[in-house]
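# Remarks on the overall topology
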Amino acid sequence: METIEPTTYALKAYQSILEKHGHRRGEIYKRMHIARCIMGSLPKGLPPNVAYRKAVDAVLLTMPDEAAAETCRLVARDLFPFYEQDVPTIAAMAQTGAFECLDDIRVDLPPHRDLDDLIKISKGMSLSQEESAVLNAYAEHILAQGVDAKVLENRTTTCRLLLLGLRGLPHDGKHYRAVIDKLLPLFKREETRAYFLVVARQFYSFLVT
């Protein structure tokens, strides 16, 4: 690939892929505005990962409400591999539907007051044979890594939330991302959002195997 200045490459490539995957003009404008703000806030003299994280934090502080902040986090997550010019990751994301327009996907969750309430619902639901097999395969994988019982419980609880959101939907990248986007606003703290996203990425490979 031709060497291009990272911020220029990130913005051009990100806009191109949004257009390719059918996003409406207004949505593209909104996301690109946030993307330009992030690229324009990169501090100099820091490692790329650190600079990017600081830029995202700075832009988040300017968001007028929680809905805008969630859009900012989504853009930051999707934009990062473009900023790093990480072509294999971009290709993998595109293959799994990570950039597709989700406007036509409806994710139905049971009535709930908050995240704790939804967790109780997910823990009480009966799993299908397919859901049990996927969850057990993931549990065996992380147990083999030497995690303790508390970590196992926390991660499988997160996976149950994802399975609950996926009920009635195809198990593919596009619908999985729609479920993630639906659940993410329930996590009110940045560290719990980050934890949720890590587990969601890990669980996806077991879900689609």
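That block above? That's the structure.
The sections below set out a description of the structure shown in this document. (Residues numbered from 1 in each chain as written. Predicted model: local features only at pLDDT ≥ 70, side-chain atom pairs only at ≥ 80, totals over all residues. Heavy atoms only, no water.)

A tally of regular secondary structure across the protein gives 10 helices and zero strands. If you list the helices and strands of the protein from N to C, you get α-α-α-α-α-α-α-α-α-α. Here the protein has a C-alpha radius of gyration of 18 Å; the compact-globule value for 209 residues is 17 Å, and the two agree. Here the C-alpha coordinates of the protein stretch approximately 50 × 35 × 30 Å along the principal axes. Sorting the 209 residues of the protein into buried and exposed places 45% on the buried side. A separation threshold of at least 6 residues defines the contact pool for the protein, and within that pool the share at least 24 residues apart is 67%. Surface summary for the protein: the accessible area is close to 11,600 Å², and the carbon and sulfur share equals 54%. Each charge class in the protein was averaged separately, 27 positive and 27 negative side chains, and the resulting centres sit 3 Å apart. (Helix = DSSP H or I, 4+ residues; strand = E, 2+ residues; numbered from the N terminus. Rg over C-alpha atoms; globule rule 2.2 N^0.38 Å. Buried < 20%, exposed > 50% of the residue type's maximum accessible area, 1.4 Å probe, protein only. Contact = heavy atoms within 4.5 Å. Areas by Shrake-Rupley, 256 points an atom, 1.4 Å probe, with all protein chains shown as cover. Lys, Arg positive; Asp, Glu negative; His and termini not counted. Charge placed at Lys NZ, Arg CZ, Asp CG, Glu CD.)

According to the stated counting rule, one finds 11 salt bridges in the structure shown. Lys30 serves as the salt-bridge partner of Glu27, at 3.2 Å between the closest nitrogen and oxygen. Of this pair, Glu27 and Lys30 are both found in helix H2 (residues 25-40), three residues apart, which corresponds to roughly one turn of the helix. Classification of Glu27 as partly exposed rests on a relative accessible area of 23%. Glu191 is the partner of Arg189 in a salt bridge, and the nearest nitrogen-oxygen pair spans 3.1 Å. (Salt bridge = Lys/Arg side-chain N within 4 Å of Asp/Glu carboxyl O.)

Looking now at the packing of aromatic side chains. In the structure shown here, the tally under the stated rule is eight aromatic pairs. Ring geometry for Tyr138 and Phe203: centres 5.5 Å apart, planes at 75 degrees, overall edge-to-face. Residue Tyr138 is located in helix H7 (residues 129-144), and its partner Phe203 is located in helix H10 (residues 190-207); the two are separated by 65 residues in the primary sequence. With relative accessibility at 0%, the residue Phe203 sits in the buried group. Seen from their ring centres, Phe187 and Phe196 are 4.6 Å apart, and the 20 degrees between their planes marks the pair as stacked. Taken as a pair, Phe187 and Phe196 share a single burial class, namely buried. (Phe/Tyr/Trp six-rings, centres within 6.5 Å; stacked < 30°, edge-to-face > 60°.)

Looking now at the state of the cysteines. Using the criterion set out here, one finds zero disulfides in the structure. This cysteine, Cys72, is not joined by any disulfide, and Cys37 carries the nearest cysteine sulfur, 8.3 Å off. By relative accessible area, Cys72 is classed as buried at 0%. (Disulfide = S-S within 2.5 Å.)

So, on to the nonpolar core. In terms of nonpolar packing, the biggest core is built from 34 residues, with Leu162, Tyr176, Leu183, Phe196 and Phe203 touching the most fellow members. For this core, the elements supplying multiple residues, two or more each, are helix H6 (115-124), H7, helix H8 (149-166), helix H9 (173-183) and H10. Counting residues per element, this core draws most heavily on H10, which supplies seven residues. In this view, Phe203 contacts Val134, Leu135, Tyr138, Cys159, Leu162, Leu163 and Tyr176; residues no more than four positions away in its chain are not counted. Of all hydrophobic cores here, the second largest spans 32 residues; its members include Ile17, Ala69, Val75 and Tyr83. (Core = buried A, V, L, I, M, F, W, Y, C linked by side-chain atoms within 4.5 Å.)

Moving on, we come to the environment of Leu164. With respect to the helices, strands and loops of the structure, Leu164 is situated in helix H8. Along the chain, Leu164 and Cys37 lie 127 residues apart, while their C-alpha atoms are 35 Å from each other. If near-sequence neighbours (up to four positions away) are discounted, Leu164 is found in contact with Pro110, Leu118, Ile121, Ser122 and Met125.

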